[in-house]
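# Summary of the model geometry
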Amino acid sequence: MISVPREDSVTLTPTAPSLTDIPFGARGPLSSALLDRFAGDVTPFPAAPAGGDVLADDDVQLTLFLLYAAAYGSLPGIPAEMEWDLELLALRADLEARFEAELRARIPVPELPAATRDAVASALFALTSADAGPSLSRHLAKKATLDQAREFLILRSVYTLREADPHSWAIPRLNGRAKAALVEIQADEYGGGRADRVHAEIFAKAMRGAGLDATYGRYVDDVPVPVLTSLNMMSMFGLNRRLVGAIVGHLAAFEMTSSIPNRLCAEGLRRLGFDDEVTDYFDEHVEADAVHEQIAGRDLAGSLAEDRPELLADILWGAAACLEIDGAVGGHALARWSEGGSALRSHDDA
Amino acid sequence: MREREASISAYPDGPLIVRGDVQLVDADGEPIEQRRRTMALCRCGLSTIKPFCDGTHKAAGFRTE
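Residues numbered from 1 in each chain as written. Chains lettered and ligands numbered in written order. Predicted model: local features only at pLDDT ≥ 70, side-chain atom pairs only at ≥ 80, totals over all residues.

This paragraph deals with the overall build of chain B. The helix and strand tally for chain B stands at 1 helix and 3 strands. Ordered by position in the sequence, the α and β elements of chain B form the string β-β-β-α. Projected onto its principal axes, the C-alpha coordinates of chain B cover approximately 40 × 25 × 15 Å. A buried classification covers 22% of the 65 residues belonging to chain B. Within chain B, residue pairs in contact and separated by at least 24 positions form 23% of the contacts whose partners lie at least 6 positions apart. (Helix = DSSP H or I, 4+ residues; strand = E, 2+ residues; numbered from the N terminus. Buried ≥ 20, exposed ≤ 12 C-beta atoms within 10 Å, placed from the backbone. Contact = placed C-beta atoms within 7 Å.)

Tracing the backbone through its elements, the reader meets Lys58(B) in helix α1 (residues 56–60). The exposure class of Lys58(B) is partly exposed, given the 19 C-beta atoms found within 10 Å. Taking the C-alpha atoms as reference points, Lys58(B) and Glu30(B), 28 residues apart in sequence, are found 30 Å from one another. Discounting residues that sit within four places of it in the chain, Lys58(B) has contacts with Phe125(A) and Ser129(A).

This paragraph deals with the domain arrangement of chain A. All names here are of chain A. Under the domain assignment, chain A is made up of domain 1 (26–106) and domain 2 (117–338). A separation of 24 Å is found between the C-alpha centroids of domain 1 and domain 2. Each partner contributes to the interface: domain 1 provides 16 residues, whereas domain 2 provides 14 residues. Listed by contribution, the elements that provide at least two residues to the side of domain 1 that touches domain 2 are α2 (58–72) and α3 (86–106). No other element matches the 8 residues that α2 contributes to the side of domain 1 that touches domain 2. Here the side of domain 1 that touches domain 2 is composed, by residue class, of 11 nonpolar, 2 polar and 3 charged. (Domains from an automatic or database assignment. Nonpolar A, V, L, I, M, F, W, Y, C, P; charged D, E, K, R; others polar.)

The next subject is the nonpolar core. In globular proteins that are soluble, nonpolar side chains generally tend to be buried together. All names here are of chain A. Counting residues in hydrophobic clusters, the biggest one holds 112 residues, and the most contacted among them are Leu124, Val248, Ala252, Leu300, Ala301, Ile315 and Ala319. Structurally, this core is a two-domain feature, drawing no fewer than three residues from each of domain 1 (26–106) and domain 2 (117–338). Residues within four places of isoleucine 315 in sequence aside, it is in contact with Val120, Gly245, Val248, Gly249, Ala301, Leu304 and Ala305. (Core = buried A, V, L, I, M, F, W, Y, C linked by C-beta atoms within 7 Å.)

Turning to the packing of helix α8 (residues 176–189) of chain A against helix α13 (residues 276–307) of chain A, a few remarks are in order. Residues and elements named next belong to chain A. It is the contact of α8 with α13, at a shortest axis distance of 8 Å, that shows an interaxial angle of 160 degrees. In this view, α8 runs roughly antiparallel relative to α13, as classed from their interaxial angle. Seen along the crossing, α8 lies across α13 with a hand that is left-handed. On α13, the residues touching Gly176, Arg177, Ala178, Ala181, Leu182, Glu184, Ile185 and Asp188 of α8 are Ala288, His292, Ile295, Ala296, Asp299, Leu300, Ser303, Leu304 and Asp307. (Axes fitted to C-alpha atoms, helices over the stretch in contact; angles between N-to-C directions. Parallel < 35°, antiparallel > 145°, perpendicular 65-115°, else oblique. Left-handed = near helix turned anticlockwise from the far one by under 90°.)

What follows is about the interface of chain A and chain B. Taken together, the 17 residues of chain A in the interface contact 20 residues of chain B. Elements supplying a minimum of two residues to the side of chain A that touches chain B: α4 (117–129), α8, α12 (259–271) and α13 of chain A. It is α13(A) that provides the largest number of residues to the side of chain A that touches chain B, a total of 8 residues. Partitioned by chemical class, the residues of the side of chain A that touches chain B number 6 nonpolar, 4 polar and 7 charged.

Across the sheet, 3 strands lie side by side as β1-β2-β3 (chain B); this open sheet has antiparallel pairing. Two strands bound the open sheet, and with one partner strand each, they are β1 (7–10) and β3 (39–41) of chain B. Pairs of neighbouring strands in the sheet enclose a mean axial angle of 30 degrees, with direction left out of account. Relative to β3(B), strand β2 (residues 16–19) of chain B runs antiparallel, the two being bridged by 3 bridges. Within β3(B), the position partnered with Val18(B) by the bridge is Met39(B). Where α13(A) meets the sheet, it contacts β2 and β3 of chain B, and its direction lies at approximately 95 degrees from that of β3(B). (Pairing = 2+ DSSP bridges.)

Printed below as a string of structure tokens:
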């Protein structure tokens, strides 16, 4: 038997706050009150802002990010009981209602194909190949500076250090062929039984190789709101059973817009002198996502549409939402870089 | 434990998806490293990571029918 030190015999050193504290600050009254609540303060929450664009609201999006972190267990400093705290769940439901309403208002449902595996896969491939937004990966391949490449890794880190987790919430909500297909994809995301091949781990290695800190949450203070909005949308789709069609469509679009861009990213990182430790993640995804996109389009999304045709519209909508909202992160970075600035959140934004 | 029976599925306008117990070898009979349980083999001839698929068939407008 292994002897485990009892908790009261462990000396906690106050000099290592990074292990116990949330490593970033509030962005407004709501996120500030929530951080206080996690630290044990029981003062009531301020009213959430009534109007405004919830997709671009730093305070609302950071609050949602923290509420989801309570479910993921992705951050230190959030007591496990907070996951099912009724007041926090009510706050989350309120913010999610507005978030979803705004997304529904902004992103139209694409033209619906027949609810068959062939037609759904083909419609998703057509939708994702028609995405003509500016390409972050092309910029990275040909033009990005070293600083921009590091910023790119930082922007990606908030999702990618937890890669695949938002979509895994959907596994028990699916049945039969669609469930088997999602598990086939996720098993590969999680390394196929090899801890060192878990995609989030390979990304952590890339960050360290580029001289960055791979501690989860370390760069949240630096990322602009579109990064939080993009991850929050995935978390909302994944954690709400009523949105299972949307999370499936999201994954299909995500995989379908991944292999070629990842090849371009690897090319750019090599051009800038990074070695295999940094490019491994991107090289891995060229091959992996060429497999995943086939399974996601036909076996996952297509089978789900055949088995539950009432979800067809949400499957297509989730895919469109992925293109629009994830695309906004790239659009933001390219806009800032073209002005000669940084894509990261400056202290002036705070 | 019995290995999974091998299967090859032809995906419309896309690669061949290979599952189960197979070994890939090159022209000299040397094994090709298999990095994942489910593999996609290039069918359009344009992949940069042959024999595996890299998604290039989409941009090339590859059609199987």
